[in-house]
Amino acid sequence: MRVETDAGSGGGESLYAEHKKVYPQDVQGTFRKIKWGILIACLGLYYILPFVRWDRGPNAPDQAVLIDFPGRRFYFFFIEIWPQEFYFITGLLIIAAFTLFLMNAVAGRVWCGYLCPQTVWTDLYVRIEALIEGDRRERIRLDQGPWTAMKVAQKVAKHTLWILVAWWTGGAWVLYFADAPTLVKDLATGQAPVVAYVWIGILTATTYALAGFMREQVCIYMCPWPRIQAALTDEWALNVSYRVDRGEPRGSLKSNKKLKAEGLPAGDCVDCGQCVVVCPTGTDIRLGSQLSCIQCGLCIDACNNVMDKVGSPRGLIAYDTDINIDRRKHGKEPIIKLVRVRTLIYVGLILGIAGFMSFTLLNRGFADVNVLHDRNPIFVQNSDGSVRNGYTVRLLNKRTHERTFVLSVEGLPTGIKIEAVGIAEAVGGKPLVVVGPDQTREIRVNVIVPKGVPVEKSTNVTFRITDTSIGEMGTAKDFFKAP
Ligand code: SF4
Ligand code: SF4
């Protein structure tokens, strides 16, 4: 939408820049190679991971990475997370956030330029576009030219391939939520749940729109990270920078040579515009750091190629820090400082949280118990003088075989009775509760203190479940109330 500031005259300056389609030109170089490598690794991982198997024994899914909503579990190779252990996911998200902050402190928006799904899929879409319609110039010519049979064929081929990639993206996503080989079969035969088709549809549409059409606009206008990143960065972070001190005053190769020969100031930038035409966001890095720059390094490749051709040293555009840009202006040697307080704090936090999570994960029990005391009434005095407290007890068996637990209550004087409703078997007056593999079982429990047994008005008690075969235990604290 265009908004005119001078409504009266109908002219004036627009508050909004008109959208110009970006036609990124192909480029060869180190950063392009790194980006291809990361793209192949990320997409390969994303598409293949649901088919990787991991043996967890009988009665457990063998998919290495699985978000099992019906079974209320998250599986990640040897890690199995239950709903009540959601703090592990929170911990992982915190680690991911600090890793992003660390990346930013070291090399700016390196996430955006190399790893962000928007960048990875857009790169793939641009590659498909270039394969079918040609490089930048051919694509511009094609878009500006009239509609011919060839143009229609090229556009149809491009959009078909884009939709196929988008469909496969959505298809791979749903495979993380069910047994992948079974779901693939069900999807192909039309027997998969409706929700699977809906999600594939949603993700196909969003991938097609975001990577095919919205591209750099997502990075520039929609994503919050550039704004957050700009607030978090500092003068020591490596960012893709144009070395103004070396490049300016810019001019054509011929005029710069002439100026140099005459002893007049002339920079190394030959004003060829290659750094701009290869940029996936259409940014001119020579204007300084900008929110639109995703730090992909492709302009470095483009400029290095130009420098090679004109016989000037590489690195007119390079990863550099604000400090170094300033130091160069004053004729000082550049310095790189990756180890500083900020990066050490981030590394410390990441290691600390990861260490704590690993420790908790390795030492967590495979049996657990939760107890809920009856509220109304909080206790009952029976006609024989005994006092009864009622509880809802939930036992968790996190192993993949059936287990029997002894339920005991500690903290009360000897002589108490533990009644588990519907459970007849007991050992030494303590109920024996059988819990199925990888299941929870909820039972009603009455704890009774007979008449004559002294008991406080409120006593802290511990419910303990003990596996009868391997002795593994789980405990929960509660209280016993008496008149
Ligand atoms: S300016 Fe350079 S680093 Fe920034 S987005 Fe464009 S090509 Fe990538
Ligand atoms: S590619 Fe290098 S030489 Fe060409 S315009 Fe960009 S900075 Fe200047």
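All values reported here derive from a predicted model rather than from experimental measurement. (Residues numbered from 1 in each chain as written. Chains lettered and ligands numbered in written order. Predicted model: local features only at pLDDT ≥ 70, side-chain atom pairs only at ≥ 80, totals over all residues. Heavy atoms only, no water.)

## Concerning the layout of surface pockets
Empty space among the atoms can be located by rolling a probe the size of a water molecule over them.
Part 1 of the argument: Roughly 1,200 Å³ of internal volume is contained in the largest pocket.
Part 2 of the argument: Along the wall of the largest pocket there are 26 residues; nearest its centre are Tyr46, Trp111, Pro117, Trp173 and Tyr176.
Part 3 of the argument: Secondary structure elements with two or more residues in the lining of the largest pocket: helix H1 (30-48), strand E3 (65-68), strand E4 (73-76), helix H2 (87-107), helix H3 (110-115), helix H4 (117-133), helix H6 (149-174) and helix H8 (194-222).
Part 4 of the argument: Of the residues belonging to the lining of the largest pocket, the class tally is 23 nonpolar, 3 polar and no charged.
Part 5 of the argument: If you add up the space inside the second largest pocket, you get close to 470 Å³.
Part 6 of the argument: Along its surface, the second largest pocket is lined by 20 residues, and Glu18, Lys20, Val22, Thr281 and Gly282 are the ones closest to its centre.
Part 7 of the argument: Every element with two or more residues in the lining of the second largest pocket is listed here: H8 and helix H12 (274-277).
Part 8 of the argument: With 4 residues, H8 is the largest single contributor of residues to the lining of the second largest pocket. (1 Å grid on protein atoms, 1.4 Å probe; cavity = no way out; pocket = protein on both sides within 12 Å on 5 of 7 lines; lining within 4 Å. Points joined across faces, edges and corners; volume = space filled by probe spheres on them. Helix = DSSP H or I, 4+ residues; strand = E, 2+ residues; numbered from the N terminus. Nonpolar A, V, L, I, M, F, W, Y, C, P; charged D, E, K, R; others polar.)

## Focus: unusual backbone geometry
Part 1 of the argument: Here the amide bond leading from Glu248 into Pro249 is cis, since omega sits at -5 degrees, within 30 degrees of zero.
Part 2 of the argument: Summarising the element assignment, Pro249 is placed in the loop between helix H10 (244-247) and helix H11 (253-261).
Part 3 of the argument: Looking along the chain, the bond that leaves Asn376 and enters Pro377 is cis, with omega of 5 degrees.
Part 4 of the argument: Within the secondary structure layout, Pro377 lies in the loop between strand E8 (367-373) and strand E9 (380-381).
Part 5 of the argument: Despite not being glycine, Arg215 has its phi angle at roughly 35 degrees, a positive value.
Part 6 of the argument: Turning to its location among the elements, Arg215 is positioned in helix H8.
Part 7 of the argument: If you check the backbone angles, Asp271 has positive phi at about 55 degrees while not being a glycine.
Part 8 of the argument: Take Asp271: it is sitting in the loop between H11 and H12.

## Some words on the packing of aromatic side chains
Part 1 of the argument: Scanning the model with the defined rule gives 21 aromatic pairs in all.
Part 2 of the argument: With 5.1 Å between their ring centres and 25 degrees between their planes, Tyr125 and Trp162 make a pair best called stacked. One end of the pair, Tyr125, is in helix H4; the other, Trp162, is in helix H6, with 37 residues separating them in the sequence.
Part 3 of the argument: Overall, Tyr125 belongs to the buried group, its relative accessible area being 0%.
Part 4 of the argument: Grouping aromatic residues by their ring pairs yields a cluster made of Tyr46, Tyr47, Phe69, Trp121, Trp167, Trp168, Trp173, Tyr176 and Phe177.
Part 5 of the argument: Here the basic side chain of Arg32 rests over the ring of Trp36, its NZ or CZ set 3.8 Å away from the ring centre.
Part 6 of the argument: Above the ring of Trp82, the side-chain terminus of Arg73 is found at 3.6 Å from the ring centroid. (Phe/Tyr/Trp six-rings, centres within 6.5 Å; stacked < 30°, edge-to-face > 60°. Buried < 20%, exposed > 50% of the residue type's maximum accessible area, 1.4 Å probe, protein only. Lys NZ or Arg CZ within 6 Å of the ring centre and 35° of its normal.)

## Regarding the domain arrangement of the protein
Part 1 of the argument: In terms of domain boundaries, the protein breaks down into domain 1 (19-100 + 116-210) and domain 2 (367-481).
Part 2 of the argument: Counting residues at the interface gives 10 residues for domain 1 and 8 residues for domain 2.
Part 3 of the argument: Both faces combined, the contact of domain 1 with domain 2 buries some 680 Å², and carbon together with sulfur accounts for 44% of it.
Part 4 of the argument: Seen at the junction of domain 1 and domain 2, the total is 2 salt bridges.
Part 5 of the argument: Between Asp438 and Arg73 there is a salt bridge, with its nearest N and O atoms 3.0 Å apart.
Part 6 of the argument: Scanning the region where domain 1 abuts domain 2 turns up 2 residue pairs in polar contact (both at pLDDT 80 or more). (Domains from an automatic or database assignment. Contact = heavy atoms within 4.5 Å. Buried area = accessible area lost by both parts, 1.4 Å probe. Salt bridge = Lys/Arg side-chain N within 4 Å of Asp/Glu carboxyl O. Polar contact = N/O pair within 3.5 Å; in protein donor to acceptor, adjacent residues only side chain to side chain.)

## Concerning the packing of H4 against H6
Part 1 of the argument: Relative to each other, H4 and H6 sit at 155 degrees, their axes nearing to 9 Å. Considering the angle they form, H4 stands roughly antiparallel to H6. Here H4 runs over H6; the crossing is right-handed. Residue-level contacts link Trp121, Leu124, Tyr125, Ile128, Glu129, Ile132 and Glu133 of H4 to Gln154, Lys155, Ala157, Lys158, Leu161, Trp162, Val165, Ala166 and Thr169 of H6.
Part 2 of the argument: Each residue belonging to the contact of H4 with H6 can be placed in one class, and the counts come to 10 nonpolar, 2 polar and 4 charged. (Axes fitted to C-alpha atoms, helices over the stretch in contact; angles between N-to-C directions. Parallel < 35°, antiparallel > 145°, perpendicular 65-115°, else oblique. Left-handed = near helix turned anticlockwise from the far one by under 90°.)

## Concerning the sheet that holds strand E13 (residues 426-427)
Part 1 of the argument: In space, the 5 strands of this open sheet follow the order E13-E14-E11-E16-E17, with antiparallel pairing throughout. Every interior strand has two partners, whereas the edge strands, E13 and strand E17 (473-481), have only one.
Part 2 of the argument: Both strand E11 (residues 403-410) and strand E16 (residues 458-467) contribute to a ladder of 6 bridges, which runs antiparallel. Considered in E16, the bridge of Phe405 is made with Asp467. (Pairing = 2+ DSSP bridges.)

## Thoughts on the nonpolar core
Part 1 of the argument: Core analysis: the biggest nonpolar cluster contains 27 residues, and Val393, Ile443, Val445, Val447, Phe463 and Phe480 have the highest contact counts within it.
Part 2 of the argument: Of all the secondary-structure elements, those providing two or more residues to this core are E8, strand E10 (387-397), E11, strand E12 (417-420), strand E14 (430-435), strand E15 (439-449), E16 and E17.
Part 3 of the argument: Judged by nonpolar contacts, the second largest core, of 19 residues, contains Leu238, Tyr242, Cys303 and Ile317. (Core = buried A, V, L, I, M, F, W, Y, C linked by side-chain atoms within 4.5 Å.)

## As for the site of ligand 2
Part 1 of the argument: Every residue lining ligand 2 is accounted for by Tyr242, Cys269, Val270, Asp271, Cys272, Gly273, Gln274, Cys275, Arg286, Cys303, Met307 and Ile317.
Part 2 of the argument: Those elements that place two or more of their residues in the shell around ligand 2 are H12 and helix H13 (298-310).
Part 3 of the argument: Class assignment for the residues of the shell around ligand 2 results in 8 nonpolar, 2 polar and 2 charged. (Near = heavy atom within 4 Å.)

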